Amino acid sequence: MAAGSLTSSELTRAYLERIKRVDPTIHAVLRTDPTALSRAAASDVRHRDGTSLGPLDGIPVLIKDNVETKGQSSTAGSLALAGSPPASDAALVTRLLRAGAVILGKTNLSEWANFRAQKPTSGWSAVGGQTRNPYVLDRNPCGSSAGSAAALAASLAQVAIGTETDGSIVCPAGMNGVVGLKPTLGLVSAQGVVPISAEQDTAGPMARNVVDVALTLAAMSGPAPREDGSAAVLAGGPADQEAGRLSGLVSGGDLRGKRIGLWRLPVLGEAVDALMTRTARRLRDAGAQVVEVTPPYQERLAALEFPALLSEFHRDIDAYLATRNGPHDLAQLIAFNRGNPAEQSCFPGQELFEQALSAPPTTDAGYLAGRAELRDLSRRSIDETMAAHHLDAIAAPANPPAWTTDCARGDNDVIPSSTPAAVAGYPSLSVPAGSVGELPVGVLLMAGAHQDAALLSLGAAVERRLQAWRAPRYLPTTGPGAAGR
């Protein structure tokens, strides 16, 4: 684009045509943005005039549909919000637009970011139906950022935006063979994003490579922009300067002398464990020191997290629904679902909604003690492990091989690797590690608070060493006994 051999208009049209051709197979994109081509044309003028806004200027971006976009239904996958488009953009969307990005459209997700039923089916929503995994179509894309990850795997956009409370960026990224970053909590503004918990929710960038994730992070991070466009980005510089700094840092990453702790998680199966063994060997061959670790306190984190999220969801979803047309609070939302057969067409349950409605308020002493213990133990889990072994990062499998999608059974998603960083508010990054048969598996890298740039640099070096990405083949199914790769 800088050389003039490619225009944003050409790129945007190519993606829009590919969405028309490919998306009916995977159901990742809910709708395209009618302003995309006009924004692309405006970007082309800036490029011709030498007034480009930075590396994201003219780049098509897909946005998860729990992130508000002005005038477009931003539904969280629910019919309850389908008829009431928001009047303004989420803060992160405003930042992307000010960086010149072209909003290509909205992606499907696990309805209410997978916080509705006890046994949900990831990638399903009443608004968008079931998103499929592009590698094997009867397999699940993981959630809740299912559409964002599957769209990238199918080359329907250059980058996409997901959101995560615990695993909802990094698991879909791993399961669809792309890169996903859950940033440090607070680095990206949550204004205009449908919530689960202010204590854990964050949006984050997803792409097919780490450099594109880094450039997108630089554009979208920081507090809600003021009307004059001023607001800090990461280290305090303008978005284009910070993007250049991040791009140089990421491109220059090296594994020599890095210390990485491998958390194996054999619960994810022998094939995944064998892939992690091969990954560790390749990282050692590149000069990294890999030591095996087991972060402490995991059982206690698992016991404490869910009750805290129930209380926080009731508080935060009530506050959010008050800003939208439709159900005004959680009780009305539950009643809406009970009376709407389409909301029950894959799975009828809304047990998490019902449990949240009766959960203790966030002023309750028991809740406050539980969240304080969660915060303390999750941070100690990572900090103590990294300090004890002098680590640059902890690595773990990001996901098991994708399970078969089945509305009656629900998900098969025991994936504990995302929890420590998610609860602590620390960054985590999923990078393709290889495949089990046809099914991608990611390696999840995590580090301490505000180590996003260093983690991206390390992730880019891991990505270059593993060279694990491969294009999906859209197979209708695959056998259970396929060998690992």
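Residues numbered from 1 in each chain as written. Predicted model: local features only at pLDDT ≥ 70, side-chain atom pairs only at ≥ 80, totals over all residues. Heavy atoms only, no water.

Q: For this particular structure, what's the right way to read the packing of helix H8 (residues 270-285) against helix H14 (residues 452-466)?
A: The angle between the axes and the distance between the axes are what describe a pair of packed helices. Direction vectors running N to C along H8 and H14 enclose 105°, while the axes themselves pass 10 Å from each other. In terms of their interaxial angle, H8 and H14 are classed as roughly perpendicular. Within the contact between the two elements, H8 uses Thr279, Arg282, Leu283 and Asp285 and H14 uses Val462, Arg465 and Leu466. When the residues that make up the contact of H8 with H14 are grouped by side-chain class, the tally is three nonpolar, one polar and three charged. (Axes fitted to C-alpha atoms, helices over the stretch in contact; angles between N-to-C directions. Helix = DSSP H or I, 4+ residues; strand = E, 2+ residues; numbered from the N terminus. Parallel < 35°, antiparallel > 145°, perpendicular 65-115°, else oblique. Contact = heavy atoms within 4.5 Å. Nonpolar A, V, L, I, M, F, W, Y, C, P; charged D, E, K, R; others polar.)

Q: Even after reading the chapter, I still don't get helix H10 (residues 330-338), so can you show me in this structure?
A: One full turn of an α-helix is made of 3.6 residues, so residues set three or four places apart face in the same direction. All of the buried residues in H10 are Leu330, Leu333, Ile334 and Asn337. Viewed end-on, H10 has its buried residues packed into an arc of 100°, placing them on one side of the element. The N-terminus of H10 is capped by Asp329, whose side-chain oxygen sits 3.3 Å from the backbone nitrogen of Ala331. (Buried < 20%, exposed > 50% of the residue type's maximum accessible area, 1.4 Å probe, protein only. Arc of directions from axis to C-beta. Polar contact = N/O pair within 3.5 Å; in protein donor to acceptor, adjacent residues only side chain to side chain.)

Q: Is there a simple way to explain the confidence of the model for the protein chain in this structure?
A: One rule of thumb: low pLDDT means the predicted coordinates there are not for detailed reading. Counting all residues, the mean pLDDT for the protein chain is 94, and 93% of those residues have values of 70 or more. Every residue in residues 229-238 is under pLDDT 50, and counting partners more than four places away or in other chains gives 23 contacts. Note on residues 481-485: pLDDT under 50 across the span, and 14 contacts to partners over four residues away in sequence or across chains. (pLDDT = per-residue confidence, 0-100.)

Q: What's the story with the environment of Arg116 in this structure? I'm lost.
A: Within the secondary structure, Arg116 sits in the loop between strand S3 (102-107) and strand S4 (124-125). The exposure class of Arg116 is buried, given its relative accessible area of 2%. Considering only alpha carbons, one finds Arg116 and Phe353, 237 residues apart in sequence, at a separation of 5.5 Å. With near-sequence residues (within four places) excluded, Arg116 lies in contact with Glu111, Trp124, Asn337, Glu343, Phe347, Pro348, Gly349, Gln350, Glu351, Leu352 and Phe353.

Q: Would you mind showing me how to read the sheet that holds strand S13 (residues 439-446) here?
A: Each strand in a sheet pairs with another by means of backbone hydrogen bonds, the pair being arranged parallel or else antiparallel. The strand order across the open sheet formed by 11 strands is S1-S3-S2-S6-S8-S7-S12-S13-S11-S9-S10, and the pairing between neighbours is mixed. With partners counted over all chains shown, the strands left at the sheet margins are strand S1 (29-32) and strand S10 (289-292), one partner each. Pairwise comparison of adjacent strand axes, ignoring direction, gives a mean angle of 30° for this sheet. In this sheet, S3 lies alongside strand S2 (residues 60-64) in parallel orientation, the contact comprising five bridges. Counterpart to Ile63 in the pairing with S3 is Lys106. Sheet strands in contact with helix H12 (residues 365-389) are strand S9 (259-262), S10, strand S11 (393-397) and S13, and its direction is about 115° off that of S11. (Pairing = 2+ DSSP bridges.)

Q: Please clarify how the packing of aromatic side chains should be interpreted in this entry.
A: Remark: the centre distance and the inter-plane angle together describe each pair of aromatic rings, the angle taken between the planes. One pass over the structure, following the stated rule, counts five aromatic pairs. Measuring from ring centre to ring centre gives 5.2 Å for Trp124 and Phe347, while their planes differ by 65°; the resulting arrangement is edge-to-face. Of this pair, Trp124 sits in strand S4 while Phe347 sits in the loop between H10 and helix H11 (351-357); the two residues are 223 residues apart in sequence, bridging distant segments of the chain. You can call Trp124 buried: its relative accessible area is 6%. (Phe/Tyr/Trp six-rings, centres within 6.5 Å; stacked < 30°, edge-to-face > 60°.)

Q: When you look at the state of the cysteines in this model, what are you seeing that I'm missing?
A: Disulfides are covalent bonds that link the sulfur atoms of two cysteine residues. Counted according to the given criterion, the structure contains two disulfides. Covalently, Cys142 is tied to Cys171 through a disulfide, its sulfur atoms 2.0 Å apart. Taking the sign of the S-S torsion, about 105° here, the bridge from Cys142 to Cys171 comes out right-handed. Residue Cys142 is found in the loop between strand S5 (129-130) and helix H4 (146-153), and its partner Cys171 is found in helix H5 (residues 170-175); the two are separated by 29 residues along the sequence. Relative accessible area serves as the criterion here: at 4%, Cys142 is assigned to the buried category. Put simply, Cys346 and Cys407 are joined by a disulfide, and their sulfur atoms are 2.0 Å apart. Disulfide Cys346 to Cys407: torsion about the S-S bond roughly -100°, handedness left-handed. Placement of the pair is Cys346 in the loop between H10 and H11 and Cys407 in the loop between S11 and helix H13 (419-424), with a sequence separation of 61 residues. Among the residues examined, Cys407 registers a relative accessible area of 32% and is labelled partly exposed. When the bonded cysteines of the protein chain are numbered from the N-terminus onward, they pair as 1-2, 3-4. (Disulfide = S-S within 2.5 Å.)

Q: I'm lost on H4 in this one. Help?
A: Of all eight residues in H4, eight are buried; the element is thus mostly enclosed. What H4 keeps buried is the set Ala146, Gly147, Ser148, Ala149, Ala150, Ala151, Leu152 and Ala153. Its buried side turned inward, H4 meets helix H1 (8-26), S2, S3, strand S6 (159-164), H5 and strand S8 (202-207). One or two residues past the end of H4 sits Ser155, with phi positive at roughly 60°.

Q: Which parts of the structure should I look at to understand the pairing of S6?
A: Regular strands show a simple pattern: their side chains alternate between the two faces of the sheet. Most of S6 is tucked away: six of the six residues are buried. The alternating pattern of S6 places Val159, Ile161 and Thr163 on one face and Ala160, Gly162 and Glu164 on the opposite face, and all of these are buried. Across three bridges, S2 lies against S6 in parallel orientation. Along S6, the bridge assignment pairs Leu62 with Ala160. In the sheet, S6 pairs with S8 via six bridges, with the strands oriented antiparallel. Its bridge partner lying in S8, Gly162 is registered against Gly204.

Q: Hey, could you run me through the environment of Thr35 in this one?
A: Along the chain, Thr35 falls in the loop between S1 and helix H2 (36-49). Sequence separation of Thr35 and Leu104 is 69 residues, and the distance between their C-alpha atoms is 8.2 Å. Among the polar contacts listed, one links the side chain of Thr35 to the side chain of Asp33, at a separation of 2.7 Å.

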